[in-house]
Amino acid sequence: MSLFPTTLPPAEAIPLRGGPVLRWGVLAPGRIAGGFVWALHQHTDQRVHAVASRAPERASRFAAAYGIPRVHESYEQLVADPQVDIVYVASPHSEHKRQALLAIAAGKHVLVEKPLALSASEARDIARAAHAAGVFAMEALWSRFLPQTLLIEQLLREGVLGDVQLVMADFGGRFDFDPEGRVFNPALGGGALLDIGIYPIWFAHFALGAPPRVHATGSLTQTGVDAQAALVLSYATGAQALLHTTVLAETPQEAVIAGTHARLQLDSRFFAPSGFTLKAARSDQRLRWTDTSGIHGSEGLAYQAAAVARHIAEGHTESPLHPLERSIAVLETIDAARGQLGASGRDGGSAR
Ligand SMILES: NC(=O)c1ccc[n+]([C@@H]2O[C@H](COP(=O)([O-])OP(=O)(O)OC[C@H]3O[C@@H](n4cnc5c(N)ncnc54)[C@H](OP(=O)(O)O)[C@@H]3O)[C@@H](O)[C@H]2O)c1
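Residues numbered from 1 in each chain as written. Predicted model: local features only at pLDDT ≥ 70, side-chain atom pairs only at ≥ 80, totals over all residues.

1. Re the overall build of the protein chain
Next up, step 1: Scanning the protein chain for helices and strands turns up nine helices and 14 strands.
Next up, step 2: Rg of the C-alpha trace for the protein chain: 20 Å, near the compact-globule value of 20 Å for 352 residues, within the 12% margin.
Next up, step 3: Considered along the principal axes of its C-alpha atoms, the protein chain spans approximately 60 × 50 × 40 Å.
Next up, step 4: Expressed as a percentage of its 352 residues, the buried residues of the protein chain come to 53%. (Helix = DSSP H or I, 4+ residues; strand = E, 2+ residues; numbered from the N terminus. Rg over C-alpha atoms; globule rule 2.2 N^0.38 Å. Buried ≥ 20, exposed ≤ 12 C-beta atoms within 10 Å, placed from the backbone.)

2. Concerning the site of the ligand
Next up, step 1: Close to the ligand lie 23 residues, the nearest being Ala28, Gly30, Arg31, Ile32 and Ser53.
Next up, step 2: Among the elements of the structure, helix 1 (31-43) and helix 4 (93-105) are those that each provide at least two residues to the shell around the ligand.
Next up, step 3: It is helix 1 that provides the largest number of residues to the shell around the ligand, a total of three residues.
Next up, step 4: The residue makeup of the shell around the ligand, split by class, is ten nonpolar, five polar and eight charged.
Next up, step 5: In this structure, the shell around the ligand is formed jointly by two domains, domain 1 (23-142) and domain 2 (144-293 + 319-341), each of which donates at least three residues. (Near = placed C-beta within 6 Å. Nonpolar A, V, L, I, M, F, W, Y, C, P; charged D, E, K, R; others polar. Domains from an automatic or database assignment.)

3. Looking at the nonpolar core
Next up, step 1: Val110 and Ala137 are the most contacted members of the largest nonpolar core, which has 120 residues in total.
Next up, step 2: The biggest single contributor to this core is helix 7 (residues 192-208), with 13 residues.
Next up, step 3: Both domains that meet at this core, namely domain 1 (23-142) and domain 2 (144-293 + 319-341), each give it at least three residues.
Next up, step 4: For Val110, the residues in contact, after removing those within four places along its chain, are Ile86, Val87, Val89, Ala100, Ala103, Ile104, Val135 and Ala137. (Core = buried A, V, L, I, M, F, W, Y, C linked by C-beta atoms within 7 Å. Contact = placed C-beta atoms within 7 Å.)

4. Thoughts on the pairing of strand 7 (residues 164-172)
Next up, step 1: When strand 7 meets strand 11 (residues 255-259), the two strands line up antiparallel, connected through five bridges. Across the sheet, the residue bridging to Leu166 is Ala258, located in strand 11.
Next up, step 2: As defined by bridge partners, strand 7 adjoins strand 10 (residues 240-246) across seven bridges and the pair is classed as parallel. Bridge pairing in strand 10 links Met168 to Leu242. (Pairing = 2+ DSSP bridges.)

5. Notes on unusual backbone geometry
Of all residues except glycine, most have a negative phi; of all peptide bonds, most are trans.
Next up, step 1: Of the consecutive residues Lys114 and Pro115, the connecting peptide bond is found in the cis state with omega at -15 degrees.
Next up, step 2: Counting through the fold element by element, Pro115 comes out in the loop between strand 5 (109-113) and helix 5 (120-133).
Next up, step 3: The residue Ala28 is not glycine, and still its phi comes out positive at about 85 degrees.
Next up, step 4: With respect to the helices and strands, the residue Ala28 is situated in the loop between strand 1 (23-27) and helix 1.
Next up, step 5: Here Ala28 falls in the buried class, since 24 other C-beta atoms lie within 10 Å of it.
Next up, step 6: Despite not being glycine, Arg269 shows a phi value in the positive range, around 60 degrees.
Next up, step 7: Here Arg269 lies in the loop between strand 12 (262-266) and strand 13 (275-280).

And the structure:
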């Protein structure tokens, strides 16, 4: 017998200020790197100390725009900089493994943009190298570190939802077709699944764990990468996850966890700071939680950086919240889905 709670426990956010501080080095100053640096400098004590681009003038422009003191002429120089504690890899997916290994070989901790790599096999190579070098490595799956996620984790742990039977989540966005751009180009690891499908897939793994069975159906772009995909993940308990991703249309970007005691429905842009409603399974009782931190959208990238600094100061080489095993398991699901869709791209053929 479950009792629906009368209130929600307070959300315990990762403290953004006052903890250990890392000197960050940005490798590949593109769009998200700008958002990351801005979020760090705006909301945390973390400091970006150096940046490197394949083109030195791009690194100089980026450094000037974000107040970064050191500019390097190559990625190799950046990872060799003794004044850099951790390298943030923000390049296209196809480059993640090579550049993560470059930083690890130089003895640097590394935070790699999502997805950790193109496939589970590549991700395992990164994990092995980081373990061997004794450095910290993590995928920048920032949603895992948001206050709402920590609160949902607590509700799941305390059994407030009962046995989880169904997870539903979607992330679709309308991207302009560019065969050379990283979203559509197979050579850069394009496709909906690796780029944005990773969020609903990660969410299912977060709520239910790694699925023994994956069924995917979808369509490809004219460049041969996955344009959209519907996934059913099936679990030994009978639980299921219904997930969708597309680069052809904007979808609600919502997520639901339905359990035997209660249903939790995350608001739109579930992967960013948002809110949720918890509803009892057998009555109209509801509780509402909204993120009132004032941290919006990609400013939420700040939480993962503050968490990484704390993890490293505590002697971890992986995040207890988002370990490499989770990144690898999510990529196994993506491998399976891409394989079933026949999506092309480097190292995309490791389907189960
Ligand atoms: N967490 C999030 O919310 C979020 C949001 C968007 C994207 N991302 C992730 O962040 C990564 C980068 O995405 P983005 O949108 O920032 O990409 P972007 O604007 O295209 O920037 C990527 C950067 O990578 C560098 N690069 C290195 N090798 C490259 C190559 N072969 N082709 C093209 N660029 C190359 C380029 O910088 P230089 O040439 O100057 O070195 C480029 O500016 C992806 O993994 C993506 O999934 C995360």
